[in-house]
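Here is what each chain is made of, one letter per residue.
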Amino acid sequence: MWKLIAFRLLKAIPVLLIVATLTFFMLRLTKGGPFDQEKPIQDEAIRKQLLAHYGMDKPLGSQYLDFITNLAQGDLGPSFKHQGRQVNEVIAEAFPRSAELGLWSLAVAMALGLAAGLIASLKKNSFLDYCPMALAMIGICVPTFVMGPLLILSFSLELEWFNASGWNSFKDRILPALTLGGAYAAYIARLTRGGMLEVLSQDYIRTAHAKGASPARVILHHGLRGGLLPVVAFLGPAAAGLLAGSFVVETIFQIPGLGRHFVEAAFNRDYTMVTGTVLFFATLIILFNLIVDVVQIWLNPRLRST
Amino acid sequence: MGLDPQIVTGVPEHHIISALIEGLVTENKKNLNPEPGTAERWETSEDGLVWKFHLREDAKWSNGDRVTATDFVQSYQRMLTPSLGSQYAYMLHVVKNAEAYNSGKLKDFSQVGFKAINDKQLNITLKAPTPYFLSLLNHYSWFPVHIPSIKKHGGIDKPDNRWTLPGNFVGNGPFILDKWEINKVIVVKKSPTYWDRKTVKLEEIHFHPISDVEVEERAFRSGQIHVSNTIPLNKIEVYRKKDAEKLRIDTYLGTYFYRLNTKRKPLDDKRVRMALALAVDRESIVRNIHYRTVKEAGNITPPGTGGYTYQGLPLKYDPDKARQLLSEAGFPGGQGFPKLSVLYNSSEQHRRMAEVIQQMWKKNLGIEIELANEEWKVYLKTSQEMDYDISRAGWIGDYPDANTFLDMWLTDGGNNYTGFSSVEYDKLISDAANAPSVEARLTLFQKAEELLMNEMPILPIYFYTARYLIDPQVREWHPTILNHHPYKHVYLAPAK
Amino acid sequence: MGGLSIIAPWIAPYGYETQNLELKAVPPQLSWNTMQAVYGRCTLEQARTNAEQLGGALGKIENAQVAALLHGTIDERDYGETMWVSDWQGAGPKRIEISSDGFTPLDDAGDEATFLYLHSRAHWLGTDELGRDLFTRLLYGGRVSLMVGLCATSVSLTIGVLFGAVAGYFGGRTDDLMMRFVDVLYALPFTIFVILLTVIFERNIWNLFLAIGAVEWLTMSRIVRGQVLTLRQQEFIEAAIALGIPRWRIIWRHIIPNCLGPVIVYTTLTIPVVMLLEAFLSFLGLGVQPPMSSWGLLIRDGSKVLEEFPWLMIFPGSVLAATLFSLNFLGDGLRDALDVRISKD
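What counts as what
- Residues numbered from 1 in each chain as written.
- Chains lettered and ligands numbered in written order.
- Predicted model: local features only at pLDDT ≥ 70, side-chain atom pairs only at ≥ 80, totals over all residues.
- Heavy atoms only, no water.
- Patch = residues over 30% accessible without salt bridge, like charges linked within 9 Å, V, L, I, M, F, W, Y side chains within 5 Å.
- Areas by Shrake-Rupley, 256 points an atom, 1.4 Å probe, with all protein chains shown as cover.
- Salt bridge = Lys/Arg side-chain N within 4 Å of Asp/Glu carboxyl O.
- Helix = DSSP H or I, 4+ residues; strand = E, 2+ residues; numbered from the N terminus.
- Buried < 20%, exposed > 50% of the residue type's maximum accessible area, 1.4 Å probe, protein only.
- Axes fitted to C-alpha atoms, helices over the stretch in contact; angles between N-to-C directions.
- Left-handed = near helix turned anticlockwise from the far one by under 90°.
- Contact = heavy atoms within 4.5 Å.
- Nonpolar A, V, L, I, M, F, W, Y, C, P; charged D, E, K, R; others polar.
- Buried area = accessible area lost by both parts, 1.4 Å probe.
- Polar contact = N/O pair within 3.5 Å; in protein donor to acceptor, adjacent residues only side chain to side chain.
- Pairing = 2+ DSSP bridges.
- Phe/Tyr/Trp six-rings, centres within 6.5 Å; stacked < 30°, edge-to-face > 60°.
- Lys NZ or Arg CZ within 6 Å of the ring centre and 35° of its normal.

## Things to note about a nonpolar patch on the surface
Residue and element names in this part refer to chain A.
- There is a patch of nonpolar side chains on the surface, built from M1, W2 and L4 and spanning about 370 Å² of accessible area.
- By the element assignment, M1 lies in the segment before α1 (2-29).
- Classification of M1 by relative accessible area gives partly exposed; the value is 46%.

Below, the structure is given as structure tokens:
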């Protein structure tokens, strides 16, 4: 097991390198650069100077070499847009906020989603199945950019229980976590129900029942192990995405998190910022997919042999 | 987003920087006329070329140093240093030899028209009389910067200098930088060293960078912000009915227009361009899309810009004449008219405008137009490379003078992008720059704009207004043409 | 199979929409059922004033005539045109002629100006902020959204299932390599990718599928892989291997059918995501160009006017929800029909 983890972490390096390279060239291929603006720089000399500051006057090949060299030293460079700031600093400032929101949302999503999915699968085709599943469908259909404003309008502006925007007190965490968590809860509920139904019809569950194991033990010990596999596979990238921040939710609730930097950096063509956030996200993805693989092995002991 | 006045280029930045740094002059809170700032008085030579500014003795940087004439000269030297690559450096090009130094042709800064006579006196020599010179001084490109701090935190010509971060920032304005969290808040506090600190009433100002207009409106409604930057269009009627006193619509120095690519067929035909312009019902646009919050534009320069109002025949909605012109150009009833496309940057407002104009052209001229939206930076590139037929555009004046709207249509005008080129026009504008009197200058502008409106390389649609929400507690927040609101006068008092 | 009948209503008005092309160009009309027209002889100016006294907005009067005429604002060409209006109590309808000095009632007309309610059967679901019929836009938008939903989802389904099944079945180094590839794709900046596509290729709907297909199969492949890893250890697969059945046949006949459950569930979850993603991509310039619309775009626009014009949010939202419910039933039905285990019983 430990060997597997160590190997996977080692393999992360080439993965990150490929991601960095692809991102680097995708950015350069994209129309519009960091210095393109409405009133463009008229003077060619000034433009050249500006490019030179960021090492962008060199041929693409040597720019790439510089980039990789700096990357190897953990230096993501200065942000183009946020003058005077290093990409490392910006990420360090924004990530804890997104991560906190992500954890809260994940908690909401898991609690609601797993409970709803389990109940629905156990009481298949009853009211307790239809009701949570209908809610889940609505949760899926109502995107966060609708849910967020709806929650703000009712709980902040009508009832005045929460702030309409901002990220200062604990209370500011509640609405965004519900918005973001709610969307994921709906997924988890549907996947849990689907996975559980699949497993509960399997022969070994019937065998366990026949052997006289208590229903609770059958469900928790045997059922969940197989039934949660799809949820776990889904949760890997989902958790990485949640921790890295959601652009929509962060915009709606005015949260200064990483999710906004992702999208805004792309729009600003803030090259260093884009590569920085992408590599950061890639690390999260690799980490969480690794965790998923470990959990999958744990859930399914037969996989341990491989 | 940055706070270095010699590097930033945006309008929002101005709002913050103007709280932190003060130029030679400041603005009157009501009409933005120049008032004594760091300079307590100034005089100008007879020919209008040499300006002498006398700095006040109690003008201080926030670290306690005195603001001297040398500070200004060094600031302008940095601004013009080619290796800084400052994008607004051209604002200083009215000064003698500034352009030459900026482009690196001139190495010796002492030949540029800035001279510190002593600590208190700064002389500026212009290359030509510039009637709007004093209003230029309120643009942040003319603000002084604290050179020792800049040197300490990265060097003169490093755009990623860290001197603008809280703790490092040294300014001479009514407020000092206290906190700056990206995407969250910028907090400025009342400065204890500002010369006119008695006037300053606010203890702190919090600037919230909110990117979404709906989010901003909700924050305003729940009392989290006192003044908003803008208001969603669909909320205008709501506020008019319920909270009219909170809604402000101020004249603003900007024009919304469409560029027509005069290098492409059939737009190279003046009659086609004119037909397109005449077939747009501006009145309907202003009423239905903008809820009468903007003014129809029949020309490019907003009325009253630096004392100038276009007197020529206003562009009217005249579908009959438009159809007639179109058929004269060889497209009777729109037949045979190629499928042109309107380029705009992704935004709901621009999309709506394009959809409406598309319908107007279809109905009035019988021509089919295609819409093409592009992401902002792609759109900029496409427009600037002139790879479009018709392209949405807007222009916000840098300073309140007609020149800022008219000199971009020069043949080599940096922001022309329409292919429009007229020797006569070029001559009128350059004559205006050297006009003997203010009246003669304005007459030349009139002629130039009339010529422009006859050629119609652009299709004016409406004049911008600043539309925003304001809490009635906010006092001394006056409507001004540049949407500047000198913060040192602003205060909060319970609503009446 | 009950699912199909439920989505049938959504298929039916589909063909219907092409006959309503004219309705697409209904011009500015700001509100839904409060459209007022002036009945009785009066000038536009008088009508405006009257409307304002009653608390109405002045745009509405002009918009009402426009709605009936299906053109832009009134000009000389519209003189002599007539339209039908009825008053708000339902009396009427009466015919009104538009002339150079306003509206002239044609039938039993009184001279005083009375406010009328314009029965606009053309706008069952109201109109949008540019006065376009929402119902028509929903129908047209449905074409785009359903196409994107189905095509992009099938792309992601096919790639995701095959990729996941192969990776899971072969395991070991193959699996490792394939999953690292997935990691790379997960991490690439989607916004930049889309902008790149808009620049490199012509804007058309196939690029939209490409962009969506490129990202949406990733999670699917991970889910399938997880399932396959478990399945491979089961006795019947080992039996199949022992019998010498070719690998591809095993994957196709035994592995894939056995992980259909989660696949179907996840597919039904992907469809709404894809439809909403389309709106974002169109915003970036990939995909549909206005004035054409899609459900995703309508919802996106509607979400901005939630308070003022709620119907612009509610109807597109409901249509999307109803479609998903139907697809969900379809999915459940499909699973029951295809599930190898249940058919065994």
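## Details of the packing of helix α10 (residues 229-244) of chain A against helix α7 (residues 205-232) of chain C
- Remark: α10(A) packs on α7(C), axes separated minimally by 9 Å, with the N-to-C direction vectors making an angle of 145°. Here α10(A) and α7(C) pass one another in a crossing that is right-handed. Here A:L229, A:P230, A:A233, A:F234 and A:P237 of α10(A) lie close against α7(C), whose contacting residues are C:T219, C:R222, C:I223, C:G226, C:Q227 and C:T230.
- Across the contact of α10(A) with α7(C), the residue classes tally to 6 nonpolar, 4 polar and 1 charged.

## Considerations on the interface of chain A and chain C
- Between chain A and chain C, the residue contacts involve 55 residues of the former and 52 residues of the latter.
- Here chain A meets chain C over a buried area of about 5000 Å², counting both sides, of which 68% is carbon and sulfur.
- Applying the counting rule to chain A against chain C returns 3 salt bridges.
- Salt-bridge contacts for A:D293 lead to C:R225; the nearest nitrogen and oxygen are separated by 3.1 Å.
- One can count 5 residue pairs in polar contact (both at pLDDT 80 or more) joining chain A with chain C.
- Going through the elements one at a time, α1, α5 (127-141), α6 (144-158), α7 (171-200), α10, α12 (258-268) and α13 (271-299) of chain A are the ones with two or more residues in the side of chain A that touches chain C.

## Side note on the pairing of strand β15 (residues 458-469) of chain B
Residues and elements named next belong to chain B.
- Taken across its 12 residues, β15 has 12 buried, putting it largely inside the fold.
- Looking at chain direction, strand β10 (residues 247-260) and β15 are connected through 10 bridges and run antiparallel. Considered in β15, the bridge of D250 is made with A466.
- Two elements, strand β11 (residues 295-296) and β15, share 2 bridges in a ladder whose sense is antiparallel. Counterpart to E296 in the pairing with β15 is Y462.

## Considering the sheet that holds strand β4 (residues 50-55) of chain B
Residues and elements named next belong to chain B.
- With antiparallel pairing, 4 strands are arranged side by side in an open sheet as β3-β4-β6-β5. The open sheet terminates on both sides in strands that have one partner only, identified here as β3 (39-44) and β5 (114-116). When strand polarity is set aside, the average angle formed by the axes of neighbouring strands in this sheet is 20°.
- Contacting β4, β5 and β6 (121-125), helix α2 (residues 69-80) runs over the sheet at an angle of about 155° to β5.

## With respect to the packing of aromatic side chains
- Scanning all chains against the criterion turns up 50 aromatic pairs over all chains.
- Where B:W51 meets B:F133, the ring centres are 5.1 Å apart and the plane angle is 50°; that geometry is what we call tilted. On the criterion of sequence distance, the pair formed by B:W51 in strand β4 and B:F133 in helix α4 (residues 133-136) is long-range, its members being 82 residues apart. Residues B:W51 and B:F133 agree in their burial class; the two are buried.
- Ring geometry for B:F133 and B:W142: centres 5.4 Å apart, planes at 85°, overall edge-to-face.
- Joined through ring pairs, the aromatic side chains of B:W42, B:W51, B:F53, B:F72, B:Y76, B:Y101, B:F109, B:F114, B:F133 and B:W142 make up one cluster.
- Here A:R28 stacks its cationic end above the ring of A:F24, 3.9 Å away from the centre of that ring.
- Note that A:R173 overlies the ring of A:W167, its terminal NZ or CZ placed 4.0 Å from the centroid.

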